[in-house]
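# Descriptive structure summary
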Amino acid sequence: WNASLRVPRMAQSILELQKNAVLRMLNLGDGGDQNLSTASTWKVLVYDKFCQEVVSLLLKVGGLRNHGVTLHLNINSERLPVADVPAVYFVEPTEQNIQKIAEDLSKNLYESCYVNFASAVPRPLLEDLANNAFQTGGAQKVAGVFDRYISFVSLSPALFSLNLPAAYMTLHSTQLEESVMRQYIERIVDGLLSIVGTMRVLPVIRCPPGEAAQMIAERLEERIRELLNRSGGVAAELFAAARTGAEVPGGSRPLLIILDRDIDLVTMLSHTWTYQAMVHDVLGMRLNKMQVPVESDDASAPPKARSYDVDDQDSFWTAHAGDQFPEVLNAVPKAIEEFEKKRAEMASTGGEDGAQALAPGLAAAINALPEMTEKKRSIDMHTNIAHALVAEVKARELDRYYELEDQLPSQSLGTSISQLEQLLNASQKGTLADKLRAIMVLVLTKPSISQQQLQGLVDAYENTGGDAAGVRYLQYLQSIRNMAMPSTTSTVTTGGATGTLAGAFGGLADRFMATGDALLAAGMSGIKNIVASKKELATCQIVEALMEQKQGGVTESYLYLDPKAPPARGADVPRIRAPFKRAMTFVVGGGNYVEHQSLQDWAQNSGRQVTYGSTDIVSPVQFVDELSHLGQTLGQGQSGGMPDLS
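## Digging into the overall build of the protein chain
- Within the protein chain one finds 24 helices and 16 strands.
- Buried residues in the protein chain amount to 53% of all 646 residues.
- Surface exposure of the protein chain reaches about 28100 Å², of which carbon and sulfur atoms provide 51%.

Next up, the structure:
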């Protein structure tokens, strides 16, 4: 039983490091730095739902096949014997998974099996696996058991999630038993231990006092100390570089900042206006995948849903994910124009020089075909995504909601209420969720609103069929803690071969050019006139203060935990005084793409490296549902008075 992880030779992103860890796992338990691009042994990959989602973000089906995986199957599915090949199990350490592995051993489904747990397997479960394997006579088939410490999903090079939905609702629930809550906290700690283990770092931990962040931070420090105090084994693998001070090129230790979601609820609820955030908010992107309604050639037929996935290999996505939506609408036709120009150049290769020039021209065109095919696919996808977003913006007038919420901090309460009353009118566009989000943002942004003023808005909303339980929960939070919108600094900014290629790519430009101008027309031209304010989010302010080691301010009371230093608390903890160059920022209770993009912009401008993660990347509608559920359960299960969430 070991943790087969090695220190990277160079600083790599969390996505690259996790992918390398999965590839080492597919090398049948060998932790060595082999040539990971080939695999000499065919095998079956068996995973549970969580680990399937981990792998799907790192390797496509072709990538699995390149590493010898002939079948990849869910552990809970009916599986036929494949007696002459080994099986690689990649699962969470749960009683159910242990039982399923034991059943497979008793059925002799595979030649041998390598059991890989996403996080550290508790000793009782490990003993259960050993006992079951012995009793079924399959112990000799178990070739190895490994703790992989990769219990998270990598969404991009600087973004990760523990893939734990509804964390805010769970952690704030008054109906959850204490033992269940402890298990949930431990699951979050497992994920963070996987993060620091995969990145091969031993961080300094900072967190605000009280709430879940402190519980998680202190338990994480305790778990790391336990590993460091063991001789050899897991700790030697996980923290070998950290213990010698040679973690990564650049030398200095990183900072792990653990924050509670309550530091900024506005960002979780506001309507969005950047490309990546809108795709998540409006089209429901999850784990980089989405369903997009695409118009068919038959105008009378309804749009058909098409599945798309985006990642950092998509150049258009990486270039424009953080751009304002109108900028993306301009970028799509420009990408098509550049594509058509390249296609025309390739089509004309050969010129008038006859046969001598034709051969190299044909070879160049053939060599460029895969790249051009991928570009065509990407442009076609982003064209369809842009059309779908525009359709939703028009149907729901999302630009009005965004502009209203964006201007709330800088305008009077009276003006804000008046504008919101207009939007709440039943004749106005927007879903019930859109209108509820606007009310919630107003409550958080303008805590001085009176009960009478707010009740008028709630009544207007409920008269249209809505449920304002989530607003009541925000009122309750404001009554027990300072939940006003965090202060932000705001500045305003303005806002042969030719025949083959023609057959492969022809028509795309014509189709978009015929409809592309409509993206900025048909009543949508107003979106270009929105003057978006550029706010420094509360998360950015906290990260900056902690990385720069600033004195005073909101972070003055933050705990300082160093698992590498002798155990101590408060002022007795020996501290690193120099500014930090690298940080991991983790938000307990849900994260979002707006916060992620804001941190990346700050890091780039400040010469820092910041990796952002959360219990889950939560859409505004999902977060509204969590708040509404909490509002509906206020006071339930308690005798007398409101529940105590502190």
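## Concerning the packing of helix α17 (residues 432–445) against helix α18 (residues 451–462)
- Axis separation between α17 and α18 bottoms out at 11 Å; the angle between their running directions is 175 degrees. On the basis of their axis angle, the class for α17 and α18 is roughly antiparallel. Along its contact with α17, which presents Leu432, Lys435, Leu436, Ile439, Leu442 and Val443, the element α18 presents Leu454, Leu457 and Tyr461.
- Split by residue class, the contact of α17 with α18 holds eight nonpolar, no polar and one charged.

## Section: the packing of aromatic side chains
- Scanning the entire structure with this criterion turns up nine aromatic pairs.
- A network of ring pairs unites the aromatic residues Phe152, Phe160 and Phe586 as a single cluster.
- Note that Arg148 overlies the ring of Phe146, its terminal NZ or CZ placed 4.7 Å from the centroid.
- Over the ring of Phe50 we find Arg187; its NZ or CZ atom is 4.9 Å from the centre of that ring.

## With respect to the sheet that holds strand β5 (residues 142–147)
- Reading across the sheet, the five strands line up as β2-β1-β3-β4-β5 and stay open at both edges, with parallel pairing between neighbours. In the strand order of this sheet, the two ends are held by β2 (69–74) and β5, each with one partner. In this sheet, adjacent strand axes meet at a mean angle of 15 degrees when their direction is disregarded.
- Judged from the five bridges that link them, strand β1 (residues 43–47) and β2 form a sheet pairing that is parallel. Within β2, the position partnered with Val46 by the bridge is Leu73.

## Here we look at the sheet that holds strand β16 (residues 609–614)
- Strand order in the open sheet made by the seven strands is β6-β7-β16-β15-β9-β8-β14, with mixed pairing throughout. Pairing within the sheet leaves two strands with one partner each, and these edge strands are β6 (153–156) and β14 (559–561). Neighbour-to-neighbour, the strand axes of this sheet turn through a mean angle of 20 degrees, independent of strand direction.
- Across the sheet, helix α22 (residues 538–547) is in contact with β8 (204–207), β9 (255–260), β15 (582–588) and β16; its angle to β9 comes to roughly 145 degrees.

## Remarks on the environment of Ala212
- Residue placement: Ala212 occurs in helix α8 (residues 211–229).
- In this structure, the C-alpha to C-alpha distance between Ala212 and Ile185, residues 27 residues apart in sequence, is 8.0 Å.
- Filtering out sequence-adjacent residues up to four positions away, Ala212 remains in contact with Leu171, Ile185, Asp260 and Val588.

## Overview of the side chain of Thr267
- Within the secondary structure, Thr267 sits in helix α10 (residues 266–269).
- Of note is the side chain of Thr267, whose polar atom sits 2.4 Å from the side chain of Asp264.
- Those residues in contact with Thr267, other than ones at most four positions away along the chain, are Leu537, Asn592, Val594 and Glu595.

## A look at unusual backbone geometry
- Phi is positive for Tyr149, close to 55 degrees, though the residue is something other than glycine.
- Residue position: Tyr149 is located in the loop between β5 and β6.
- Phi is positive for Glu397, which is not a glycine, with a value near 50 degrees.
- Along the polypeptide, Glu397 turns up in the loop between α14 (355–396) and α15 (398–407).

## Focus: the pairing of strand β4 (residues 113–117)
- Burial runs high along β4: five of the five residues are buried.
- Residues Cys113, Val115 and Phe117 of β4 are buried on one face, and the alternating residues Tyr114 and Asn116, pointing to the opposite face, are buried as well.
- Both strand β3 (residues 87–91) and β4 contribute to a ladder of five bridges, which runs parallel. Each bridged residue has a counterpart across the sheet, and for Ala87 the counterpart in β4 is Cys113.
- A crossover connection joins β3 to the parallel β4 through helix α4 (residues 95–107); in handedness this β-α-β unit is right-handed.
- Summarising the sheet, β4 and β5 pair through five bridges and their orientation is parallel. Residue pairing for β5: Cys113 is matched across the bridge by Val142.
- A crossover links β4 with its parallel partner β5, the connecting element being helix α5 (residues 123–135), and its sense is right-handed.

## Topic: the packing of helix α16 (residues 413–424) against α17
- Where α16 meets α17, the closest approach of the two axes is 10 Å, and the angle between their N-to-C directions is 170 degrees. Between α16 and α17, the crossing angle belongs to the class labelled roughly antiparallel. Handedness of the crossing formed by α16 with α17: left-handed. Residues Ser416, Ile417, Leu420, Leu423 and Leu424 of α16 form the contact with α17, whose participating residues are Lys435, Ala438, Ile439 and Leu442.
- Among the residues making up the contact of α16 with α17, the classes are represented as seven nonpolar, one polar and one charged.

## With respect to the confidence of the model for the protein chain
- Counting all residues, the mean pLDDT for the protein chain is 84, and 80% of those residues have values of 70 or more.
- Here residues 245–250 is modelled with pLDDT under 50, and outside its nearest four sequence neighbours on either side it reaches 17 contacts, counting other chains as well.
- Here residues 350–355 is modelled with pLDDT under 50, and outside its nearest four sequence neighbours on either side it reaches one contact, counting other chains as well.

## As for the nonpolar core
- Counting residues in each nonpolar core, the largest one holds 126 residues, and the members touching the most others are Leu26, Phe90, Ile188, Ile258 and Ile385.
- Discounting residues that sit within four places of it in the chain, Ile188 has contacts with Leu162, Leu164, Leu171, Ile216, Phe586, Val588 and Thr615.

## Overview of the side chain of Gln18
- Summarising the element assignment, Gln18 is placed in helix α1 (residues 14–26).
- The contact partners of Gln18, leaving out residues within four places of it in the chain, are Val54, Leu58, Ile150, Phe152, Val153, Ser154 and Thr198.

Definitions and cut-offs
- Residues numbered from 1 in each chain as written.
- Predicted model: local features only at pLDDT ≥ 70, side-chain atom pairs only at ≥ 80, totals over all residues.
- Heavy atoms only, no water.
- Helix = DSSP H or I, 4+ residues; strand = E, 2+ residues; numbered from the N terminus.
- Buried < 20%, exposed > 50% of the residue type's maximum accessible area, 1.4 Å probe, protein only.
- Areas by Shrake-Rupley, 256 points an atom, 1.4 Å probe, with all protein chains shown as cover.
- Axes fitted to C-alpha atoms, helices over the stretch in contact; angles between N-to-C directions.
- Parallel < 35°, antiparallel > 145°, perpendicular 65-115°, else oblique.
- Contact = heavy atoms within 4.5 Å.
- Nonpolar A, V, L, I, M, F, W, Y, C, P; charged D, E, K, R; others polar.
- Phe/Tyr/Trp six-rings, centres within 6.5 Å; stacked < 30°, edge-to-face > 60°.
- Lys NZ or Arg CZ within 6 Å of the ring centre and 35° of its normal.
- Pairing = 2+ DSSP bridges.
- Polar contact = N/O pair within 3.5 Å; in protein donor to acceptor, adjacent residues only side chain to side chain.
- Right-handed = clockwise from strand over helix to strand, strands pointing away.
- Left-handed = near helix turned anticlockwise from the far one by under 90°.
- pLDDT = per-residue confidence, 0-100.
- Core = buried A, V, L, I, M, F, W, Y, C linked by side-chain atoms within 4.5 Å.

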